[in-house]
Amino acid sequence: MAESIKKILVPIDGSENSYRAARLGADLARKYGAELFVVHGLDLDRNLTYFGLFGVPFTEGTKQLVESATREVEPWFERVRKEAAATGGGKEEAPLRMTTEVIEAPLSIVGEIVNYAEKNGIDLIVMGSRGRTGFKKLLLGSVASGVVSYAHCPVLVVK
């Protein structure tokens, strides 16, 4: 199976679980010479996104919200880059190739993660078991559970 892992997707939300998943994803990517895709699904206000769904251009205010949220997420990506660089570098490991991206999720974060994985030919998704809004009582968060249910590829859930 290791030969078939060429692209690894790690969705992050700024939670410690997502950072643990990113560290493991980076380790696996380095070990197998795979490319690492680190994404954040931007949960847009559904009332605002209906404009885009029906071909009506987004308002300027909506564009500013997206730009502001994207700036807010950049430190998360930077933390992942720094932690991946600090833990890597062994002679037997391949150099890490990493792509970071904010994906807009107008209807469903689960759907956008699954679609992104399919569109980009992802071989493995590594994600945290619960995100920032996770309840202690739930064993598996709703996003992680949804991705496990609908992804076309294996999903490794990190606690």
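Look above for the structure.
Residues numbered from 1 in each chain as written. Predicted model: local features only at pLDDT ≥ 70, side-chain atom pairs only at ≥ 80, totals over all residues. Heavy atoms only, no water.

Caption draft 1: Region of the structure containing the nonpolar core. Membership of the largest hydrophobic core comes to 21 residues, with the highest contact counts inside it found for Ile-8, Val-10, Ile-12, Leu-36 and Val-126. Of the residues forming this core, the biggest block, six residues, is contributed by helix H1 (residues 16-32). Residue contacts for Leu-36: discarding those within four places in its chain leaves Ile-8, Val-10, Gly-25, Ala-26, Ala-29, Leu-96, Arg-97, Met-98 and Thr-99. Val-39, Ile-113, Ile-122 and Ala-151 belong to the second largest nonpolar core, which has 16 residues in total. (Core = buried A, V, L, I, M, F, W, Y, C linked by side-chain atoms within 4.5 Å. Buried < 20%, exposed > 50% of the residue type's maximum accessible area, 1.4 Å probe, protein only. Helix = DSSP H or I, 4+ residues; strand = E, 2+ residues; numbered from the N terminus. Contact = heavy atoms within 4.5 Å.)

Caption draft 2: Here's a closer look at the sheet that holds strand E3 (residues 97-105). Strand order in the open sheet made by the five strands is E3-E2-E1-E4-E5, with parallel pairing throughout. With partners counted over all chains shown, the strands left at the sheet margins are E3 and strand E5 (155-158), one partner each. Strand-to-strand twist across the sheet, computed as the mean angle between neighbouring axes with direction ignored, equals 25 degrees. Pairing of strand E1 (residues 7-11) with strand E2 (residues 35-43), which is carried by five bridges, proceeds in the parallel orientation. By the bridge assignment, Ile-8 is partnered in E2 with Leu-36. Against the sheet, helix H4 (residues 109-119) touches E1, E2, E3 and strand E4 (124-128), its axis set at about 140 degrees to E3. Helix H5 (residues 142-150) contacts E4 and E5 of the sheet and is inclined by roughly 165 degrees relative to E4. (Pairing = 2+ DSSP bridges. Axes fitted to C-alpha atoms, helices over the stretch in contact; angles between N-to-C directions.)

Caption draft 3: Quick look at the packing of H4 against H5. Two elements in contact, H4 and H5, have axes separated by 9 Å at closest approach and are oriented at 40 degrees. The pairing of H4 with H5 is recorded here as oblique in orientation. Seen from above, H4 lies across H5 with right-handed handedness. Taken together, the residues of H5 that come into contact with H4 (itself represented by Ile-109, Val-110, Ile-113 and Val-114) are Ser-142, Val-143, Gly-146, Val-147 and Tyr-150. Its residues assigned to classes, the contact of H4 with H5 comprises seven nonpolar, two polar and no charged. (Parallel < 35°, antiparallel > 145°, perpendicular 65-115°, else oblique. Left-handed = near helix turned anticlockwise from the far one by under 90°. Nonpolar A, V, L, I, M, F, W, Y, C, P; charged D, E, K, R; others polar.)

Caption draft 4: The environment of Tyr-150, seen in detail. Structurally, Tyr-150 can be placed in helix H5. Since its relative accessible area comes to 60%, Tyr-150 is described here as exposed. Expressed as a C-alpha distance, the spacing of Tyr-150 and Gly-111, which sit 39 residues apart in the sequence, is 8.2 Å. Once residues within four sequence positions are removed from consideration, Tyr-150 is found in contact with Val-110 and Val-114.

Everything listed here is a matter of coordinates, which is why it stays silent on function.
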